[in-house]
Amino acid sequence: MAKKYYSTKIVGVGGEVAKFTSLVKMLVIFDDSMVLPELRDFSVLHSGNKLTDIIKPGDILQIADNKFKILRVGNEVNNNIRSLGHIVIKFNDDKEELLEGSLHVEDKPIPKIRIGDEISILEASAAALSGTTATVVGTDTALCATLRLILNDNGAKVVEDEDADIIVKVK
């Protein structure tokens, strides 16, 4: 089973978030009860903040169904999450200087942020097949079901498609 060691729900999106993310390729995330009024318009707000492990390079940041490999972690990121529910996420493929409170992830399009979406962090090994599709075919239904679960737990999207990235044939 994928080890998810951070998870929170988005409860608000500041009016300037979309513009801000498109200009600077960065998300500013705060616990709704901790954000300063002058930062609210530029912040993604969440509630419920529990970090049960240390964020490290190689792990996976997930926003709704979108996954991003974590490339670098500033020295204060873990403390900021615990004390303020605050993360600065830079989508820049590690091209900029690392600030103490910044989390750098791979440079992929930032998804539209919606109230109710989950933000989570998964241990790297749990997402080894992230971004791949897989299908399992065969007559042993119990074994096929087990393999589908294993593939899913390791990040693959299990589909019924002959053109999947991974095809497992059970005899």
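In case you missed it, the structure is sitting above this.
What you see is a predicted model, and the numbers here were worked out from it, not measured in a lab.

Quick look at helix 3 (residues 141-153) now. With 13 residues, helix 3 should cover 18 Å at 1.5 Å per step; its first-to-last C-alpha distance of 18 Å lies within 8% of that length. Directly after helix 3, the chain includes Gly155, whose backbone phi takes a positive value near 100°.

Tallying each qualifying case throughout the model produces seven salt bridges. Note that Glu118 and Lys4 form a salt bridge whose closest N and O atoms lie 3.2 Å from each other. In this pair, Glu118 is assigned in strand 8 (residues 118-122) and Lys4 in strand 1 (residues 4-13), connecting sequence segments 114 residues apart. The partly exposed category is assigned to Glu118, whose relative accessible area is 23%. A relative accessible area of 43% means that Lys4 is categorised as partly exposed. The residue Glu106 makes a salt bridge to Lys108 at a minimum N-O spacing of 3.8 Å.

So, about the packing of aromatic side chains. Scanning the model with the defined rule gives two aromatic pairs in all. Taking 5.6 Å as the distance between ring centres and 65° as the angle between the ring planes, the aromatic pair formed by Phe20 and Phe42 counts as edge-to-face. A residue pair is termed long-range when its members are at least 10 positions apart, and Phe20 in helix 1 (residues 17-24) and Phe42 in the loop between strand 2 (26-31) and strand 3 (43-51) qualify at 22 residues. On the numbers, 5.0 Å between centres and 80° between planes, the contact of Phe68 with Phe91 is edge-to-face. With a gap of 23 residues between them, Phe68 in strand 5 (residues 66-73) and Phe91 in strand 6 (residues 87-91) connect regions that are remote in the sequence. Here Phe68 and Phe91 have matching classes, each one buried. One Lys or Arg, Lys108, reaches over the ring of Phe68 and ends 5.2 Å from the middle of that ring.

It is worth spelling out the sheet that holds strand 9 (residues 133-138) at this point. Pairing within the open sheet is parallel, and its three strands lie in the order 10-9-11. Each end of this open sheet is capped by a strand with a single partner; those strands are strand 10 (157-158) and strand 11 (166-170). Alignment of strand 9 against strand 10, held across two bridges, turns out to be parallel. Looking across to strand 10, one finds that Thr133 is bridged to Lys157. Each of strand 9, strand 10 and strand 11 is contacted by helix 3, which is oriented at about 170° to strand 9, the strand it contacts most.

This part is about the sheet that holds strand 8. The strand order around the closed barrel built from eight strands is 1-3-2-6-7-5-4-8, with neighbouring strands paired in mixed fashion. The sheet shows a mean angle of 35° between the axes of neighbouring strands, taken without regard to direction. Bridging between strand 1 and strand 3 involves six bridges; their strand directions are antiparallel. For Ser7, the partnering residue across the bridge sits in strand 3 and is Lys50. Along the sheet, helix 2 (residues 77-84) contacts strand 1, strand 2, strand 3, strand 5, strand 6 and strand 7 (102-105); its crossing angle with strand 3, the most-contacted strand, is approximately 95°.

With respect to the helices and strands, the residue Gly138 is situated in strand 9. Judged by relative accessible area, Gly138 falls into the partly exposed class, the value being 40%. The spatial distance from the C-alpha of Gly138 to the C-alpha of Val168 is 8.4 Å, given a sequence separation of 30 residues.

What counts and what doesn't
- Residues numbered from 1 in each chain as written.
- Predicted model: local features only at pLDDT ≥ 70, side-chain atom pairs only at ≥ 80, totals over all residues.
- Heavy atoms only, no water.
- Helix = DSSP H or I, 4+ residues; strand = E, 2+ residues; numbered from the N terminus.
- Expected span 1.5 Å × (residues − 1).
- Salt bridge = Lys/Arg side-chain N within 4 Å of Asp/Glu carboxyl O.
- Buried < 20%, exposed > 50% of the residue type's maximum accessible area, 1.4 Å probe, protein only.
- Phe/Tyr/Trp six-rings, centres within 6.5 Å; stacked < 30°, edge-to-face > 60°.
- Lys NZ or Arg CZ within 6 Å of the ring centre and 35° of its normal.
- Pairing = 2+ DSSP bridges.
- Contact = heavy atoms within 4.5 Å.
- Axes fitted to C-alpha atoms, helices over the stretch in contact; angles between N-to-C directions.

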